[in-house]
Amino acid sequence: MALTKSSNPVLSERIFQKARTEAYGETMTINGTVNKIAMLLLFVVAAASFTWGMVSVTSTGEITSSVYPWMIGGAIGGFILALITVFKPKAAPYTAPFYALFEGLFLGGISALMNASYPGIVMQAVGLTFGTLFALLFAYKAGWIKVTQKFRSGMIAATGGVMLFYLVTWIMNLFGIGNGFYYGSSLMSIGISLVIVVIAALNLVLDFDFIERGAQSGAPKHMEWYGAFGLMVTLIWLYIELLRLLAKIASRD
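Conventions used here
- Residues numbered from 1 in each chain as written.
- Predicted model: local features only at pLDDT ≥ 70, side-chain atom pairs only at ≥ 80, totals over all residues.
- Heavy atoms only, no water.
- Patch = residues over 30% accessible without salt bridge, like charges linked within 9 Å, V, L, I, M, F, W, Y side chains within 5 Å.
- Areas by Shrake-Rupley, 256 points an atom, 1.4 Å probe, with all protein chains shown as cover.
- Salt bridge = Lys/Arg side-chain N within 4 Å of Asp/Glu carboxyl O.
- Helix = DSSP H or I, 4+ residues; strand = E, 2+ residues; numbered from the N terminus.
- Buried < 20%, exposed > 50% of the residue type's maximum accessible area, 1.4 Å probe, protein only.
- UniProt positions renumbered as here; feature names shortened; annotations may be inferred.

Caption draft 1: Representation of a nonpolar patch on the surface within the structure. Residues L164, L167, V168, W170, I171, L174, F175, I177 and Y183 make up a contiguous nonpolar surface patch of about 930 Å² in total accessible area. In this fold, I171 is placed in helix α6 (residues 149–174). Taking the relative accessible area as the measure of exposure, I171 reaches 38% and is therefore partly exposed.

Caption draft 2: Structural detail: the UniProt feature "transmembrane region" (unreviewed entry) in the protein. Under the UniProt annotation, "transmembrane region" (unreviewed entry) lies at residues 37–55, 67–86, 98–115, 121–142, 154–175, 181–205 and 225–247. Secondary structure content for residues 98–115 is 100% helix and 0% strand, and the end C-alpha separation is 25 Å. Helix and strand shares over residues 121–142 are 95% and 0% respectively, and the end C-alpha atoms of the span are 31 Å apart.

Caption draft 3: Region of interest: the pattern of salt bridges. Following the criterion strictly, the structure yields 6 salt bridges and no others. Here K36 ties to E224 by a salt bridge, and the two come within 2.8 Å at their closest N and O atoms. With K36 in helix α2 (residues 30–52) and E224 in helix α9 (residues 223–251), this residue pair connects regions lying 188 residues apart in the sequence. Grouping residues by exposure puts K36 and E224 together as buried. One continuous salt-bridge network, built from bridges that share partners, spans K36, K221 and E224.

Here you go:
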C-alpha cells in the first residue's frame with residue numbers, strides 16, 4: 001500500500017519509504033505506537049513537574065523563578081534531538097525519550113510562568129489539548145473526517161504558511177516591529193492564534209492517518225518510536241498555541 005504524505009514534517013512519506021528498503025524483523029503496529037506515545041507523555045509530565053516547582057508567587061503577587069536556564073536548555077536540547085531524530089529515524093528509540101524530557105523542561109517552565117500570571121490557564125490548555133486529541137481521534141476512526149488528497153494538500157500548504165509566519169514574526173520581533181500583531185492581545189492577534197490552533201489540531205488527523213498507513217505497510221519496529229515522536233511534536237505545538245491563545249483572551253479581561 002502506498003503511503004500518503006503528512007503535513008507534519010517529521011512524518012514524511014520519504015521516511016517510511018526509506019525504512020521499508022532496509023532489512024528488519026518485527027514490524028510497526030498501532031498498539032505499539034500508542035504505547036510509545038503514552039511513555040513519551042509520561043516523560044514530558046515528569047520533566048515538566050521538575051521545572052514547574054521552580055516558579056512561585058510571593059505574597060505581594062511578585063513572580064519569582066529560577067527556571068529560565070532550564071527552559072532555554074530544554075528548548076535547545078529538544079530542538080537538537082528533534083533534528084537528529086528527523087535525519088536518523090533509526091535513532092528514535094533513543095532520541096525520542098530524551099526529546100520528551102527536554103521538551104518537558106521547557107513546557108513545565110512556560111506553563112508555570114503562564115499559570116502564575118493567569119491562574120488556572122494551564123489546566124484549561126491541557127484539557128483542551130487532550131479533548132481535541134480524543135475528539136479528532138474518535139472522528140477519524142468513525143470515518144467522519146476523511147483524509148483525501150485535497151485535504152492533505154491543503155494542510156501541507158497551511159502548515160508551511162504557519163511556519164513562514166512564525167519566521168517573519170520572529171524577525172519582526174527582533175527589530176521591535178509590530179509586536180502587537182501576533183504577540184499582543186488584539187482581536188486580530190486572537191484571530192490569528194485561533195487559525196493556527198485549528199491548523200495544528202487538523203495536523204493530528206493527518207498524523208493518525210499516516211501512522212495507521214505506516215503500520216499497514218509493514219514499517220520496521222523502530223518506526224513506532226518515530227511515529228510517537230511525530231505525534232508528540234504536533235501535540236506540543238497544539239498545547240503551546242492553546243496556552244498562548246488563552247493567555248491573550250485572559251489578558252483582555
